[in-house]
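These are the residues of each chain, in order.
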Amino acid sequence: MMYTWSETNFAPYAITYAVSFIALFIGSITDLKTREVPDWLNYGLIISGVGLNLLFSTIYSTPHLIINSIIGLVIFFGIAYIMFYAGQWGGGDSKILMGLGAMIGLDVSFKTPQFLFWFFINALFVGAMYGLLWSSFLIFKNKKKFLREWNNISGEYKILTAKWLLFTAIILFLAIILAVKFLNLSIGYLQPSFLIFLLLSLLLVILITFYLWIFVKAIEKSSMYKLVEPSKLTEGDWIVKDIFVNTQYICGPKDLGIDKKQIKKLIEFYKQGKVKKVLIKEGIPFVPNFLIAFIVTLIFGNPLVWLV
């Protein structure tokens, strides 16, 4: 039999949603101020999520709450792991998402409301707009540096070479399109008009991808790079360049976030004068996006309904 919130008890959901909102609110403030989300908040959300759901499962004799909590934690751990090692999220963003998975839970049987599924879809849509607005803010704030970096990147040898290859590809695509149009070529059931549409779409994707890469790199170099003393580094910071001391590798971009042992070494070498300030990349504070998506999901629910 299908059951809903009203058929179990609304109290567990009200508490877990309230705790999640408070955690996202606090995390958003710290992320905006320091570009970090404290571990006590992240791990506290994970542990309290499992603990509260275990408590509610015992009180209301509904084992699905703790089961959903564990499933949510595992699934969102997988998503967070992929996004972190893909360089899209920082450690704090990943951990707080795991905390939401544990606190709210996911029901793979689809017998209860799938808030986190809707939340994740909303986060993708909201995240795209949020990232665009934040990037626009950074460009406006550092427009001279951005234009300078855009010109520098555009003038690099590998970019100039890529532009010539891109120009050649455009000529080739246009030639194929003209051939399809005037020779009325088709491939199986694909009519000439549809083939031309596909070719133009592919050409547009290639052009957008190329210039989007330059755009992102220009924003990073003009607005996201920062020199800091080793003592001010925090676990998970992204190091821009490899750091060696007497040919010994200490840390670098391939680490996907510096750890505590590496920070300790850098501090020691800094005191000895063997290391200067470290260049790190500050990402876009992404927890506020989670907060916005959370509120949007609470108000509007399933985003797919908007399309109906």
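Model, not experiment: these values are computed from the prediction. (Residues numbered from 1 in each chain as written. Predicted model: local features only at pLDDT ≥ 70, side-chain atom pairs only at ≥ 80, totals over all residues. Heavy atoms only, no water.)

A. Just the overall build of the chain, in detail. The helix and strand inventory of the chain stands at ten helices and five strands. Buried residues in the chain amount to 39% of all 308 residues. In the chain, the share of contacts with a sequence separation of at least 24, taken over all contacts with a separation of at least 6, comes to 70%. Accessible surface computed for the chain: about 18200 Å², of which carbon and sulfur atoms make up 71%. (Helix = DSSP H or I, 4+ residues; strand = E, 2+ residues; numbered from the N terminus. Buried < 20%, exposed > 50% of the residue type's maximum accessible area, 1.4 Å probe, protein only. Contact = heavy atoms within 4.5 Å. Areas by Shrake-Rupley, 256 points an atom, 1.4 Å probe, with all protein chains shown as cover.)

B. Quick peek at the side chain of T16. Mapped onto the elements, T16 comes out in helix 1 (residues 10-34). T16 sits in the buried class, given a relative accessible area of 3%. In terms of polar contacts, T16 uses its side chain to reach the backbone carbonyl oxygen of Y13, at 3.1 Å. (Polar contact = N/O pair within 3.5 Å; in protein donor to acceptor, adjacent residues only side chain to side chain.)

C. Region of interest: the sheet that holds strand 1 (residues 225-228). Pairing is antiparallel across the open sheet formed by three strands, whose spatial order is 1-5-2. Only two strands of the sheet have a single partner each, and these edge strands are strand 1 and strand 2 (238-239). Two strands pair when backbone bridges link them, and strand 1 and strand 5 (residues 278-281) are joined in this way by four bridges, in the antiparallel orientation. Across the sheet, the residue bridging to V228 is V278, located in strand 5. Along the sheet, helix 8 (residues 192-224) makes contact with strand 1 and strand 5, crossing strand 1 at roughly 35°. (Pairing = 2+ DSSP bridges. Axes fitted to C-alpha atoms, helices over the stretch in contact; angles between N-to-C directions.)

D. Just the nonpolar core, in detail. In terms of nonpolar packing, the biggest core is built from 27 residues, with L24, I96, F115, L116, F119, F290 and F294 touching the most fellow members. Looking at this core, the elements with two or more residues in it are helix 1, helix 2 (39-59), helix 3 (64-85), helix 4 (91-104), helix 5 (115-141) and helix 10 (287-300). Residue contacts for F119: discarding those within four places in its chain leaves L97, L100, F290, A293, F294 and T297. Within the second largest apolar cluster, 14 residues are counted, among which are L233, L266, F269 and V278. (Core = buried A, V, L, I, M, F, W, Y, C linked by side-chain atoms within 4.5 Å.)

E. Summary view of the environment of T30. Mapped onto the elements of the fold, T30 is located in helix 1. When sequence neighbours within four positions are dropped, the list of residues in contact with T30 reads R35, E36, V37 and P38. Separated by 3.0 Å, the side chain of T30 and the backbone oxygen of G27 make a polar contact.

F. Spotlight on helix 4. Compared with the 20 Å implied by 1.5 Å per residue over 14 residues, the 20 Å span of helix 4 between its first and last C-alpha is a close match. Within helix 4, twelve of the 14 residues are buried, which leaves the element mostly enclosed by the surrounding structure. Every buried residue belonging to helix 4 is among G92, D93, S94, I96, L97, M98, G99, L100, G101, A102, M103 and I104, and all of these are buried. Of the residues one or two after helix 4, G105 is the one with positive phi, at around 85°. (Expected span 1.5 Å × (residues − 1).)

G. Region of the structure containing the side chain of S28. Counting through the fold element by element, S28 comes out in helix 1. Setting aside its immediate chain neighbours within four residues, S28 contacts V287, P288 and L291.

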